[in-house]
Amino acid sequence: MTTVVMRTTARVIVPIILVVSTSLFVEGHNLPGGGFIGGVLTTTAFAIIYLAFGLDFVERGVLGRDVDPGKEPSRDRVVVAYRRLFEYGLAIAVLSGLVPLLFGRPFLTQTFVIFEHVPLYGEIEIASALAFDFGVYCVVVGGLLTILSVVGAE
């Protein structure tokens, strides 16, 4: 059973961690950061949620699944969801590296597109490295949360 202090602290710091994670992920193709560190921070936020609220909250609140009130939530369902995220992330990362080959470019060649007249931002540069970073992000989050769930079950 967790304390009120832990739950209150989790409610305050988890959104901050997720904002920093998103910021590092988005700026990763131009600055240090990207999919790996963004994924690690996101996993940290999930770990804090898990410690503060338990697997039942993760199952209902985060994954949106119904859980019988008297039954222990199935760890297998959570682990399968995390493994699937890992697999999709790996596929995205590999495919983002293979796409340049279709255009006669070397593996993992990157390019960018500049969008002008974007509300609130004016001009935004979107790099193809963002797809690779997203794949890495999914691999890290899926892998670490799988490990966390399996080890936490022991």
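Thresholds applied
Residues numbered from 1 in each chain as written. Predicted model: local features only at pLDDT ≥ 70, side-chain atom pairs only at ≥ 80, totals over all residues. Heavy atoms only, no water. UniProt positions renumbered as here; feature names shortened; annotations may be inferred. Helix = DSSP H or I, 4+ residues; strand = E, 2+ residues; numbered from the N terminus. Core = buried A, V, L, I, M, F, W, Y, C linked by side-chain atoms within 4.5 Å. Buried < 20%, exposed > 50% of the residue type's maximum accessible area, 1.4 Å probe, protein only. Contact = heavy atoms within 4.5 Å. Phe/Tyr/Trp six-rings, centres within 6.5 Å; stacked < 30°, edge-to-face > 60°.

Peer 1: Residues and numbers for the UniProt feature "transmembrane region" (unreviewed entry) in the chain, please.
Peer 2: As annotated in UniProt, the feature "transmembrane region" (unreviewed entry) corresponds to residues 12–29, 35–55, 85–103 and 134–153 in the numbering used here. The span residues 85–103 carries 95% helix and 0% strand; its end-to-end C-alpha distance comes to 28 Å.

Peer 1: Any chance you could break down the nonpolar core for me, citing the residues and the numbers?
Peer 2: Counting 9 residues, the largest nonpolar core consists of Phe25, Phe46, Leu55, Val78, Tyr82, Tyr137, Cys138, Val141 and Leu145. Of all the elements in the fold, those that place two or more residues in this core are α4 (75–102) and α5 (129–153). Once residues lying within four places of it in the same chain are set aside, the contact partners of Phe25 are Gly34, Gly35, Leu130, Asp133, Phe134 and Tyr137. One finds Ala10, Ile17, Ile48 and Phe53 within the second-largest nonpolar core, a separate group that totals 8 residues.

Peer 1: Please give an account of the environment of Ile37 that cites residues and values.
Peer 2: Assignment of secondary structure puts Ile37 in helix α2 (residues 35–53). Since its relative accessible area comes to 33%, Ile37 is described here as partly exposed.

Peer 1: An account of unusual backbone geometry is requested, with residue identities and associated values reported.
Peer 2: Its identity as a non-glycine residue notwithstanding, Leu108 has a phi of 65°, on the positive side. With respect to the helices and strands, Leu108 occurs in the loop between α4 and β1 (112–118). On the accessibility criterion, Leu108 (32% relative accessible area) is partly exposed. The backbone phi angle of His117 is positive, close to 60°, even though this residue is not glycine. Mapping His117 onto the fold places it in strand β1.

Peer 1: Describe in detail the packing of aromatic side chains, supporting the description with residues and values.
Peer 2: All told, the structure shown has 2 aromatic pairs when counted by the stated rule. With a centroid separation of 6.3 Å and an interplanar angle of 65°, the aromatic rings of Phe25 and Phe134 are classed as edge-to-face. Here Phe25, found in helix α1 (residues 4–26), pairs with Phe134, found in helix α5; they are 109 residues apart in sequence, far enough to count as distant. Look at Phe25 and you get buried, because its relative accessible area is 13%. Taking the centre distance of 5.4 Å and the plane angle of 50° together, the rings of Phe25 and Tyr137 count as tilted. Here Phe25 is found in helix α1, whereas its partner Tyr137 is found in helix α5, with 112 residues between them in sequence. The pair formed by Phe25 and Tyr137 is uniform in burial state, with each residue classed as buried. Taken together, the aromatic side chains of Phe25, Phe134 and Tyr137 make up a single cluster linked through ring pairs.

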